[in-house]
Amino acid sequence: MNAESILQSYQHFGVHLGLERIHQLLQKLDNPHQQVPIIHIAGTNGKGSVCAYLSSVLTEAGYRVGRYTSPHLIDWTERICINQKSISPTALQECLERVVAATENNTETPTQFEIITAAAWLYFAEQKTDIAVVETGLGGRLDATNVCETPLVSVITSISLDHWQILGPTVADIAGEKAGILKAKCPAAIGELPESARIVVEKRIQELDCPATWVKPAIDLGQGFAEYQLNQNAVKIKYQLPLLGKIQLMNSAIAIATLQTLQNQGWQISPTAIENGIAKTQWPGRLQQTTWKNRNILIDGAHNPAAAIALREYVDRLNNHPSPINWVIGILATKDCDDILKALLKKGDRLYLVPVPDQNSSSPAELAALAQIICPELTLCQAFSDLTTALDAAVTGDNLTILCGSLYLVGYFLQQQQSQA
């Protein structure tokens, strides 16, 4: 069995939050998670970008840096990286085989996410990484990544409504789950939060006596440059922002605040390493400019209302006099389709709705009916059976074409591009 088939064999166990199974599994593997210092990152949006900034800068500073993120766009190997290089298919398969062997005689079968998470810890420990940047999969408190008792820094990037079916119906409920990654007396870096979330996180910080940094966005200098200074005593960092969108002023600032916390702990990270590392950061599938049959298009996950708002804001800033957009959209059935479409659609836009392949997708026909209620002044609203046909129809004319609504859809698009290259 290769890595893909091993992981697929655990898919039917679904999402089952809890730490007992992962602790039992890691103990059988000699607790690799205790051998690697980590930065632990939770949040509704921005986690991946912050992980990308941190791993790029720490690599630039000369460290051997592990990075664990999810979901992947094209291949499982993307989730586990050292110094920006994905684990090889062979190494991933070997790690997974050892993890699966360790599950024998377990009272309860681990989930797919627990299996891949254990493989990441095993790989990072055996590759003797100096530090690992670890992104939560879902929530925080009961997420399989939440097994380290003394993270170097715990990071919460943002909190808004997403996965409410599992994490709770309100932003405050979700904040409680995200705040579960905070540990007693361990430093924390927190992005801007809604008031109800901030109250919950502040209370948890006080209970645990965490030295906390509440991060403000960097200053936009224009021409793709930004500036961040944590406080009057800190070094002022001016840097080029390679990732698009206003939200990156916040995400990059969170990364720099986290790095400054590491500097205070003795990690050697120069201002030059920060500037160069951020400039070299890559994070595919998020406000990424690409092409479809030689026509320019923009792709972005925009898989929850907050991310959709950020995408629409970026597009409107891009066009001082906004022109209609050609939207190619597919959304998972578990997502807040109503608010995602409300955030994206405006009068005169054209909408091409597609299924998300191999996922629990919303019906394009049902999304079309919903979209026409939300924005009856669309120039066009049509359901398609597949992405290729929809994109072929959408890229005609001069309007900007945007593919969004699901990271799985973006991943499928990139996979198709790769196979045709």
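Here the structure is a predicted model, which means the values were calculated and not measured.

Undergrad: Honestly, the pattern of salt bridges in this entry has me stumped. Any pointers?
TA: One pass over the full model with this rule turns up 15 salt bridges. For Glu-60, the salt bridge is made with Lys-280, and the minimal N-O distance between the two is 3.0 Å. Of this pair, Glu-60 sits in helix α3 (residues 47–60) while Lys-280 sits in the loop between α10 (271–279) and β12 (288–292); the two residues are 220 residues apart in sequence, bridging distant segments of the chain. The partly exposed category is assigned to Glu-60, whose relative accessible area is 31%. Where Arg-317 meets Asp-220, a salt bridge forms, and the shortest distance between an N and an O atom there is 3.7 Å. With Arg-317 in helix α11 (residues 305–318) and Asp-220 in strand β9 (residues 219–222), this pair connects stretches of sequence that are 97 residues apart. Look at Arg-317 and you get partly exposed, because its relative accessible area is 47%. The class of Asp-220 is partly exposed, set by a relative accessible area of 41%. Residues joined in a network through salt bridges with shared partners are Arg-312, Asp-316, Lys-346 and Asp-349.

Undergrad: Explanation requested: the sheet that holds strand β15 (residues 350–353) in the structure shown.
TA: Each strand in a sheet pairs with its neighbour through backbone hydrogen bonds, running either in the same direction (parallel) or in the opposite one (antiparallel). A sheet is described by the order of its strands in space; here six strands give the open sequence β12-β13-β17-β14-β15-β16, paired in mixed fashion. Looking at which strands have only one partner, the edges of the open sheet turn out to be β12 and β16 (380–383). Taking the axes of each pair of neighbouring strands and ignoring which way they run, one obtains an average angle of 25° across the sheet. As paired strands, strand β14 (residues 325–329) and β15 are joined by four bridges and run parallel to one another. Bridging from a neighbouring strand, Asn-326 pairs with Arg-350 of β15.

Undergrad: I would appreciate a short explanation of the packing of helix α7 (residues 171–178) against helix α8 (residues 195–208) in the present structure.
TA: When two helices pack together, their arrangement is given by the angle between the helix axes and the distance between those axes. Following both chains from N to C, one finds α7 and α8 inclined at 35°, their axes separated by 8 Å at the closest point. Once α7 is placed against α8, the crossing between them reads as right-handed. Contact residues: α7 offers Val-171, Ala-172, Ala-175 and Gly-176, while α8 offers Ser-196, Ala-197, Val-200 and Val-201. Tallied by class, residues from the contact of α7 with α8 come to six nonpolar, two polar and no charged.

Reading the values: rules and limits
- Residues numbered from 1 in each chain as written.
- Predicted model: local features only at pLDDT ≥ 70, side-chain atom pairs only at ≥ 80, totals over all residues.
- Heavy atoms only, no water.
- Salt bridge = Lys/Arg side-chain N within 4 Å of Asp/Glu carboxyl O.
- Helix = DSSP H or I, 4+ residues; strand = E, 2+ residues; numbered from the N terminus.
- Buried < 20%, exposed > 50% of the residue type's maximum accessible area, 1.4 Å probe, protein only.
- Pairing = 2+ DSSP bridges.
- Axes fitted to C-alpha atoms, helices over the stretch in contact; angles between N-to-C directions.
- Left-handed = near helix turned anticlockwise from the far one by under 90°.
- Contact = heavy atoms within 4.5 Å.
- Nonpolar A, V, L, I, M, F, W, Y, C, P; charged D, E, K, R; others polar.

These figures come from the coordinates and say nothing about function on their own.
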